[in-house]
Amino acid sequence: MVAASHRLCTQRPSLLIPKHRFQQVSPNPDQPFVPFSQLQQRKLLESRLVSLLHDCNDITQIKRVHGHIVRKGVDQCCFVLAKLVRTLTKVGAPMDSYPRLVFEQVKQPNPFLWTALIRGYSLQGPFTESVILYNCMRRDGISPVSFTFSALLKACTAAVDVDLGRQIHAQTITIGGFASDLYVGNTMIDMYVKCGFLDCGHRVFDEMPERDVISWTSLIVAYAKNGDMDSAAGLFEGLPVKDMVAWTAMVTGFAQNARPREALEFFENMQDGGIQTDEVTLVGVISACAQLGATKYANWVRDVAEKSGFGPTNNVMIGSALIDMYSKCGSVEDAYKVFDRMTERNVFSYSSMIVGFAMHGRANAAIQLFEEMLKTDVKPNRVTFVGVLTACSHVGMVEHGRHLFATMEKSYGVAPSADHYACMVDLLGRAGCLEEALELIRTMSMDPHGGVWGALLGACRIHANPDIAEIAANHLFELEPNGIGNYILLSNIYASAGMWDDVSRVRMLMRKKGLKKNPGCSWVEGKKRVIHEFFAGDMTHPKSKEIKQALEDLVTRLELHGYQPNLSCVPYDVNDEEKKRILMAHSEKLALAFGLLSSSAGCTIRIVKNLRICEDCHSVMCGASRITGREIVVRDNMRFHHFHDGMCSCGNFW
DNA sequence: ATAGGGTTAG
């Protein structure tokens, strides 16, 4: 019985119908007309019903077909009903209601109908229901099919339950041959890696008798998510046939691991190879551009997106990614244009825009947009609050921030996380309330992370408070033993307070740990989307001579306007001449000089820096914007600085 | 049936 229905169900009769019909109508006088057998007619009917179900997109359509099934008297046909259950699952009908009822009305469900139900629960949960059903199925003596195991493994993945997954893995081996099934193997890899057992996933991969591009891609993604792009690239290299999804996994992997240049490199190779691009690829590429801050490149990517048919008006994800990209490329206006054009907005779109305003010091715009958002159906999330609180912090709106923080859980259902505490510490700290900030940390119900203590340490630098700085730093040294920035910040705080013994103590500590200062690096976009990169003291650029000369000329002019090099920005114990030399070689100054040389008057100069901009460079940028009449936008690792006519948007407070 | 997706923080 089981075997018979099995044979019935594995056929895809829809492809056979035209052929049968053709044979019937072809005139052949030698062959008498043979009517369809009852079985043939029934198969024809079933395949028609299945294809009807295939086109159903909502529950009313499905109900209509169901009525048809009942009227035609095939309401016990498991093949058709399995399709019905799968379709119901697809449109999101709750498993316990309609799909369950369909299943329970059948006297002898076949493996496919069982599996359709198991699969439904593995998508919607409760995931234990999938396992219960599997056990019932075995108890009734029904043999599972490979699809059954895929569905069960998917439930394990969704429930992040590797123990159950291992049991099912064992079953696929004992029950007979299922472990060598390609689909089962692929789902198994996915289960192991999503549960965090990459090595197990790799072993399954190694043991599979047959693999396809999906097996490889699952592993590539797993390595990428683990931060191991080199292994991912090694696998990708060995992948015989690379499809769009595999390429996209590489592009996205590099983007997510802060290696935007390689992400773009892969994207370009992908295009050269004639591989199609879809919205998922573009999201990765846009995110890479955002990290690079490369405006011309960004505009090109936007063109590519719109030519491929994806723009802010028809795709929320692309739109939100573009908002982020334009904000990070220094143009909050362009970001807002995108936001404005979007026909559909979700929490990502709003949060990205709010964060964008905050980054650019447009706190009022951020808060206003937040209030606008509250009038819509879109609910704020953790990120939204990080954005608004950051905005308050940058303009010193202490009271507003306090109020938001106090009410966010009650009014909006977002419980403050350590990140939000970090924002509050930043807000209070910048406003000079260092003790209150420290007290707030002490009241936290969760463990404060590096961000919280880091915000306090940063505030101590602004307000020159070495005592509290020491408390914050000690926590940071424990939490982030290799975070070089913390040591430098603390030593700078001691240095400005003239506590030289403590300065050398911190330096000793750094030396003992073998920590070296990250090299400062800035980049600026030249002509033709080429990105020019400068390290501190870097003389490797082909135009180094001109750059050095241009910088000297600029500084000479600035000195006439009262500029004096801020020697305290050099935390080394060297003479003043040497300090001046070091200051003149800061990467952001090199980038500025190159930008002035290589762009025409009236062009905004956009510079991106990997570290926080130093005070001396900040004042040079201010001065340069005045005497050259240029707009200068610097993105450092924290925020944006818009220099215009001698002033900066950060209000010299960063 | 099975693979790829956007935002935050010192």
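Cut-offs and rules
- Residues numbered from 1 in each chain as written.
- Chains lettered and ligands numbered in written order.
- Predicted model: local features only at pLDDT ≥ 70, side-chain atom pairs only at ≥ 80, totals over all residues.
- Heavy atoms only, no water.
- pLDDT = per-residue confidence, 0-100.
- Helix = DSSP H or I, 4+ residues; strand = E, 2+ residues; numbered from the N terminus.
- Contact = heavy atoms within 4.5 Å.
- Core = buried A, V, L, I, M, F, W, Y, C linked by side-chain atoms within 4.5 Å.
- Buried < 20%, exposed > 50% of the residue type's maximum accessible area, 1.4 Å probe, protein only.
- Near = heavy atom within 4 Å.
- Polar contact = N/O pair within 3.5 Å; in protein donor to acceptor, adjacent residues only side chain to side chain.
- Nonpolar A, V, L, I, M, F, W, Y, C, P; charged D, E, K, R; others polar.
- Expected span 1.5 Å × (residues − 1).
- Pairing = 2+ DSSP bridges.
- Right-handed = clockwise from strand over helix to strand, strands pointing away.
- UniProt positions renumbered as here; feature names shortened; annotations may be inferred.

Asks: I'd love a proper account of the confidence of the model for chain A, names of residues and values included.
Replies: Chain-level statistics for chain A give a pLDDT mean of 86 and a share of 93% at 70 or above. Taken element by element, chain A is modelled with least confidence in helix α1 (residues 2-10), mean pLDDT 27, and with most confidence in helix α15 (residues 244-256), mean pLDDT 96. Confidence over residues 1-27 falls short of pLDDT 50; this stretch has 25 contacts with residues more than four positions distant or in other chains.

Asks: Give me the lowdown on the nonpolar core, citing residues and values where you can.
Replies: Counting residues in each nonpolar core, the largest one holds 171 residues, and the members touching the most others are M325 and L456. Excluding anything up to four places from it in sequence, L456 contacts V425, L434, A437, L438, I441, I468 and A472. Membership of the second largest hydrophobic core comes to 32 residues, among which are V524, L554, I627 and I632.

Asks: Can you lay out the protein's contact with DNA strand B for me, pointing to particular residues and giving the numbers?
Replies: Residues in contact with DNA strand B amount to 47 residues; listed here are only the nearest, Y183, K328, D419, G450 and M638. A breakdown of the atoms of DNA strand B within 4 Å of the protein gives sugar and phosphate a share of 43%. A distance of 2.6 Å separates a base nitrogen of DNA strand B from a polar side-chain atom of D243. In this structure, a base nitrogen belonging to DNA strand B sits 3.0 Å away from a side-chain N or O atom of D419. Classifying every residue of the surface near DNA strand B gives 16 nonpolar, 18 polar and 13 charged.

Asks: Describe helix α34 (residues 615-628), with residues and values.
Replies: Taking 1.5 Å as the rise per residue, α34 with 14 residues should run 20 Å; its terminal C-alpha atoms sit 20 Å apart, in good agreement. Burial analysis of α34 places 10 of its 14 residues in the buried class, the great majority of the element. Restricting attention to buried positions, one finds in α34 the residues D616, C617, H618, V620, M621, C622, G623, A624, S625 and I627. Positive backbone phi, at 70°, marks G629, one or two positions downstream of α34.

Asks: Can you tell me about the side chain of T277, naming the residues and giving the values?
Replies: Note on placement: T277 falls in the loop between α16 (260-272) and α17 (279-292). Setting aside residues no more than four positions away along its own chain, T277 makes contact with M244, F267, Q271, L282 and F310.

Asks: Give a detailed account of the pairing of strand β3 (residues 605-609), specifying residues and quantitative values.
Replies: Consecutive residues of a regular strand have side chains that alternate between opposite faces of the sheet. For β3, the tally of buried residues reaches four of five residues, placing the bulk of the element in the interior. For strand β1 (residues 521-525) and β3, the ladder comprises three bridges, and the chain directions are antiparallel. Residue pairing for β3: S522 is matched across the bridge by K609. Strand direction decides the pairing type here: β3 and strand β4 (residues 632-635), joined by four bridges, are parallel. Among the inter-strand pairings, R606 is bridged to a residue of β4, identified as V633. With respect to chirality, the unit in which β3 leads through α34 into the neighbouring parallel β4 is right-handed.

Asks: Residues and numbers for the UniProt feature "repeat: PPR" (unreviewed entry) in chain A, please.
Replies: When the UniProt feature table is mapped onto this chain, "repeat: PPR" (unreviewed entry) is found at residues 110-144, 181-215, 243-277, 315-345 and 346-380. Structurally, residues 110-144 comprises 77% helix and 0% strand, and the distance from its first C-alpha atom to its last is 9 Å. Annotated as 74% helix and 0% strand, the span residues 181-215 places its first and last C-alpha atoms 12 Å apart.

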